[in-house]
Amino acid sequence: MTKKDFFRLTLKLFGLYLLIQLTYSLISMVYYLLFLSSDIFYTISSLTPIVVYGIIAWFLIFKTDRIIKLLRLTKNYDTSEIKLGSIDSTAFIKIGLVLISSYLLFTNISPFLKNTFLSFKSSIKKVNALDDILTTFDLIKVDYTEWITSGINIILGYFILTNFDRISKWFMKGKKVVIENEIDQL
């Protein structure tokens, strides 16, 4: 594996993580704008970072070679190869995808189960004094935004975890084109 391959994989995985976080922010913003706010200043101020993150994620995923060239990430190294034995680029992508999907699953299962339980409990409507006290302090209300977002993140994490081989092949598809373009330039 060359240094350029290593930086390419690192940037693409970071771009994928940023894209997942962007999805989370977008869902929260759309819910808030549709149901809670009609303020134009809030709309612009919350849409601007999402657009900027989207552009950064797009560059990190699809224009990694330009970023590596612009930042001169492969310069000033003693050797151009990283010796890792039998680990290749696809193995690094698979490891990164498993880590990202595991993070999505483990951080969102708890809020999803909590809101599912609270929704089920509120549908039963058995009122007692403890529920009145907890409702006063907002401790047992269902947060629908968190519930939907955590559910989508669980589905996304499961999708990535079950399809990490296909996703890694999709990432490596661009590498063949880059190598052919580099050979054409020589």
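On a predicted model such as this, the values are computed, not experimentally measured, just so you know.

(A) Fine view of helix α6 (residues 144-162). With 19 residues, α6 should cover 27 Å at 1.5 Å per step; its first-to-last C-alpha distance of 27 Å lies within 8% of that length. Here α6 has its buried residues at T145, T149, S150, G151, N153, I154, G157 and I160.

(B) Region of interest: the environment of V52. By secondary structure assignment, the location of V52 is in helix α2 (residues 40-62). For V52, a relative accessible area of 40% gives the class partly exposed. Measuring from C-alpha to C-alpha, the distance between V52 and L22 comes to 9.9 Å, with 30 residues separating the pair along the chain.

(C) Seen up close, the side chain of T145. You can see T145 is positioned in helix α6. When its relative accessible area of 16% is taken as the criterion, T145 is described as buried. Dropping the residues within four chain positions of it, T145 is found in contact with S28 and Y31.

(D) Inspection of the packing of helix α4 (residues 89-124) against α6 at higher detail. Taken N-terminus to C-terminus, the directions of α4 and α6 make an angle of 145 degrees; their axes are 7 Å apart at the nearest point. For the element pair α4 and α6, the recorded crossing hand is left-handed. Its residues placed into classes, the contact of α4 with α6 shows 13 nonpolar, 9 polar and 2 charged.

(E) Looking closely at the environment of L104. By the element assignment, L104 lies in helix α4. Along the chain, L104 and I160 lie 56 residues apart, while their C-alpha atoms are 9.6 Å from each other. The contact partners of L104, leaving out residues within four places of it in the chain, are I20, N153, L156, G157 and I160.

Rules used throughout
- The residue numbering used here restarts from 1 in each chain and proceeds along that chain's sequence as written.
- In view of the model being predicted, local features appear only for residues whose pLDDT reaches at least 70, and side-chain atom pairs are presented and counted only at 80 or more, with totals across whole chains, interfaces and linings using the full set of residues.
- The basis for every side-chain value is the complete set of heavy atoms in the structure, and neither hydrogens nor water enter the calculation.
- Numbering of helices and strands starts at the N terminus; helices are DSSP runs of H or I of at least 4 residues and strands are runs of E of at least 2.
- To estimate the expected span of a helix, subtract one from its residue number and multiply by 1.5 Å.
- Exposure classes here rest on a 1.4 Å probe applied to the protein chains alone. A residue is buried below 20% of its type maximum, exposed above 50%, and partly exposed in between.
- Contact between two residues is taken to exist if any of their heavy atoms lie within 4.5 Å; hydrogens are not considered.
- What counts as an axis is a line fitted to C-alpha atoms, over the stretch in contact for a helix, and the angles between N-to-C directions run from 0 to 180 degrees.
- Here a crossing is taken to be left-handed if its near helix is turned anticlockwise relative to the far helix by less than a right angle, and right-handed if that turn runs clockwise.
- Under this grouping Gly is polar, as are all residues other than the nonpolar Ala, Val, Leu, Ile, Met, Phe, Trp, Tyr, Cys and Pro and the charged Asp, Glu, Lys and Arg.

None of this, on its own, says anything about what the molecule does.
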